[in-house]
Amino acid sequence: MAGLNGGGAQRRAEIAGAGIGGLTVAAALAQRGWRVTVHERAADLRTFGAGIYIWSNGLRVLKALGAYDEATAGAHAGPLFETRDHENRVMEEIPINRPGSARLITILRETLTRSLIDICRANGVEIRTSSEVVGATPEGELLLADGKRQAADLVVGADGINSAVRDSLDLLLYRKHLGYGAVRMLIDRVDGDVAEADKDKYIEHFSGSRRILYTPASARHLYIALCCTSDDEAALRVPSDRALWSEAFPHLSHLVGRFGNAGRWDAFEVVKLKRWSSGAAAVLGDGAHAMPPYLGQGGGCALMNGLGLAVAVADADDIPAALDAWEARERPLTEHTQEQSERQGDMNLWPDALRSQVLTITGRSRELAMLRLRTAMHVPTGAVEAV
Ligand SMILES: Cc1cc2nc3c(=O)[nH]c(=O)nc-3n(C[C@H](O)[C@H](O)[C@H](O)COP(=O)(O)OP(=O)(O)OC[C@H]3O[C@@H](n4cnc5c(N)ncnc54)[C@H](O)[C@@H]3O)c2cc1C
């Protein structure tokens, strides 16, 4: 069936997935007068225990949505992002949260999601849990697992890396498994994990093909990511093998000894689509442009492209043309971010000594730093500059 547009009636969007991308586009459309329903497969809207990095670009989107104050309450803002080698020597440092630099905060995923849910609800978005989507049509229908077909002016697949909406529309160009991934967990912050002078920093530690990412995520929470190759079965096990991680990172043995029993493994992938939309159906977030998390920008891109999508279609007479314009405007920066993120994984398998030498030199290059920080410094479509 054709879209419902016309006659001045309230326009309607049906969205698959209540993650970062789905909630962002839902809130932004509702704020522009659309009637919006989000279908979430899970039975509740809770996220798992982990932190998330949000750079200036994502903060600008949160500000534009009105979710910023809630999302950043209690957030941690570190003074530096450091990369350290197997002997705990600094290879690279990125200054943050100071005049002229990018802003970077870390928060609990739960806090971010809750802020987006609250802004959705405040703007009249209906969020249906236990509502599984199985596909969409270019004519503007969302197809539900219970057999219902939800007609709308716009349908959006924000249903994550295994997007059913994307696959039903035959939009996938490729999906690349990177052979690497991470176990994420949250533990309490206590003294003694790292030197007193380092405790507020973000620090990525390397040893062989493994990494430990140390991230304060609030006054009370420490977010830990244990990264390794997908065939490093002993290292990716949950609960984590403390003896194995201590042996690889002896200078972090106090921290490793405190690892909890919970944790979640995720493999890193890159997703590219032939197109981001088909007719009146669009895909965004990990379903359209997943990337490895080395730059902490997968969620940032979902936030930017969610808001950008709402801006593009808000008052458009021709939704498919507006979706084409959205893709043309947003895709180049998203692909730049994907490429820069993927490049950060190149060094995973390098010998320690080589990695130390190369990063110590490249870490001084302002040009390379600006390539990686381009996304962070961007003012997203629909956002304002100041955060
Ligand atoms: C280890 C790791 C660390 C990361 N760290 C960062 C970081 O620090 N900063 C950052 O910006 N990004 C980070 N990312 C990336 C970020 O998590 C993702 O890019 C982001 O969550 C994508 O959001 P999304 O809304 O597209 O998908 P998702 O968050 O996956 O949400 C999809 C939603 O759709 C629902 N769903 C799925 N299928 C269906 C269906 N068929 N019907 C209905 N609902 C469905 C799911 O239940 C889910 O709620 C990280 C990723 C990883 C793996």
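Residues numbered from 1 in each chain as written. Predicted model: local features only at pLDDT ≥ 70, side-chain atom pairs only at ≥ 80, totals over all residues. Heavy atoms only, no water.

### Details of the pattern of salt bridges
Here is step 1: Summed over all chains, the structure comprises 31 salt bridges.
Here is step 2: The residue Arg-46 makes a salt bridge to Glu-110 at a minimum N-O spacing of 4.0 Å. A residue pair is termed long-range when its members are at least 10 positions apart, and Arg-46 in the loop between β2 (35-39) and β3 (51-55) and Glu-110 in helix α4 (residues 109-122) qualify at 64 residues.
Here is step 3: What makes Arg-46 exposed here is its relative accessible area of 62%.
Here is step 4: Across the salt bridge formed by Arg-329 and Glu-330, the nearest N and O atoms sit 3.5 Å from each other.
Here is step 5: Judged by its relative accessible area of 6%, Glu-330 falls in the buried class.
Here is step 6: Shared partners join several salt bridges into a network, and the residues in it are Glu-82, Arg-84, Asp-198 and Lys-201. (Salt bridge = Lys/Arg side-chain N within 4 Å of Asp/Glu carboxyl O. Helix = DSSP H or I, 4+ residues; strand = E, 2+ residues; numbered from the N terminus. Buried < 20%, exposed > 50% of the residue type's maximum accessible area, 1.4 Å probe, protein only.)

### Focus: the side chain of Thr-72
Here is step 1: Relative to the assigned elements, Thr-72 resides in helix α3 (residues 68-72).
Here is step 2: Looking at Thr-72, its side chain comes within polar contact range of the main-chain oxygen of Tyr-68, at 2.8 Å.
Here is step 3: Leaving out residues up to four positions away in the same chain, Thr-72 has contacts with Leu-59 and Ile-105. (Polar contact = N/O pair within 3.5 Å; in protein donor to acceptor, adjacent residues only side chain to side chain. Contact = heavy atoms within 4.5 Å.)

### Digging into the packing of aromatic side chains
Here is step 1: All chains considered together, the criterion is met by 8 aromatic pairs.
Here is step 2: Their ring planes at 85° and their centres at 5.6 Å tell us that Phe-268 and Tyr-294 sit as a pair that is edge-to-face. Separated by 26 residues along the polypeptide, Phe-268 in strand β16 (residues 264-273) and Tyr-294 in the loop between α9 (286-289) and α10 (298-313) bring together distant segments of the chain.
Here is step 3: Residue class for Phe-268 comes out buried when judged on its relative accessible area of 8%.
Here is step 4: Counting every residue linked through ring pairs, the aromatic cluster contains Tyr-53, Phe-81 and Tyr-202.
Here is step 5: The side chain of Lys-63 reaches across the aromatic face of Tyr-68, ending 4.5 Å from its centre. (Phe/Tyr/Trp six-rings, centres within 6.5 Å; stacked < 30°, edge-to-face > 60°. Lys NZ or Arg CZ within 6 Å of the ring centre and 35° of its normal.)

### A short note on the UniProt feature "domain: FAD-binding" (unreviewed entry) in the chain
Here is step 1: The positions UniProt marks with the feature "domain: FAD-binding" (unreviewed entry) are residues 15-316.
Here is step 2: The span residues 15-316 is 26% helix and 33% strand, and its two end C-alpha atoms sit 18 Å from each other. (UniProt positions renumbered as here; feature names shortened; annotations may be inferred.)

### Quick word on the packing of helix α2 (residues 56-65) against helix α13 (residues 366-377)
The relative placement of two packed helices comes down to the angle between their axes together with the axis-to-axis distance.
Here is step 1: Between α2 and α13, whose axes approach to 6 Å, the crossing angle comes to 5°. Looking at the two axes, α2 sits roughly parallel to α13. Residue-level contacts link Ser-56, Asn-57 and Arg-60 of α2 to Thr-375, Ala-376 and Met-377 of α13.
Here is step 2: In the contact of α2 with α13, the residues fall into 2 nonpolar, 3 polar and 1 charged. (Axes fitted to C-alpha atoms, helices over the stretch in contact; angles between N-to-C directions. Parallel < 35°, antiparallel > 145°, perpendicular 65-115°, else oblique. Nonpolar A, V, L, I, M, F, W, Y, C, P; charged D, E, K, R; others polar.)

### Some points on the packing of helix α1 (residues 20-30) against α4
Here is step 1: Two elements in contact, α1 and α4, have axes whose closest approach is 9 Å; the angle formed by their N-to-C orientations is 25°. By the angle class used here, α1 and α4 are roughly parallel. By crossing handedness, the relation of α1 to α4 is classed as left-handed. When α1 is examined against α4, the residues Ile-20, Leu-23, Thr-24, Ala-26 and Ala-27 are found in contact with a partner set consisting of Leu-112, Thr-113, Leu-116, Ile-117, Ile-119 and Cys-120.
Here is step 2: In terms of residue class, the contact of α1 with α4 is built from 9 nonpolar, 2 polar and no charged. (Left-handed = near helix turned anticlockwise from the far one by under 90°.)

### Quick look at the site of the ligand
Here is step 1: Taken together, 30 residues lie around the ligand, and Glu-40, Tyr-53, Val-133, Asp-286 and Gly-299 are the ones closest in.
Here is step 2: Between the ligand and Glu-40 there is a distance of 2.6 Å, counted from an oxygen atom to a side-chain nitrogen or oxygen.
Here is step 3: With respect to the ligand, the backbone of Gly-300 contributes an N or O atom lying 3.1 Å from an oxygen atom.
Here is step 4: Coverage of the ligand by the protein chains reaches 85% of its 1000 Å² of free accessible surface.
Here is step 5: Taken together, the elements giving at least two residues each to the shell around the ligand come down to α1, β3, β12 (172-188), β16 and α10.
Here is step 6: Per-element tally for the shell around the ligand: the top contributor is α10, with 3 residues.
Here is step 7: Among the residues making up the shell around the ligand, the classes are represented as 10 nonpolar, 12 polar and 8 charged. (Near = heavy atom within 4 Å. Areas by Shrake-Rupley, 256 points an atom, 1.4 Å probe, with all protein chains shown as cover.)

### Concerning the environment of Ala-145
Here is step 1: Structurally, Ala-145 is set in the loop between β9 (141-144) and β10 (149-151).
Here is step 2: Overall, the relative accessible area of 46% leaves Ala-145 in the partly exposed class.
Here is step 3: A C-alpha to C-alpha distance of 5.6 Å links Ala-145 and Val-134, two positions 11 residues apart in sequence.
Here is step 4: Filtering out sequence-adjacent residues up to four positions away, Ala-145 remains in contact with Glu-132 and Val-134.

### Quick look at the side chain of Asp-85
Here is step 1: Mapped onto the elements, Asp-85 comes out in the loop between β4 (80-84) and β5 (90-95).
Here is step 2: Among the residues examined, Asp-85 registers a relative accessible area of 3% and is labelled buried.
Here is step 3: Side chain to side chain, Asp-85 and Arg-89 meet in a polar contact 2.8 Å long.
Here is step 4: With sequence-adjacent residues up to four places away left out, Asp-85 is seen in contact with Met-91, Phe-206, His-251 and Ser-356.

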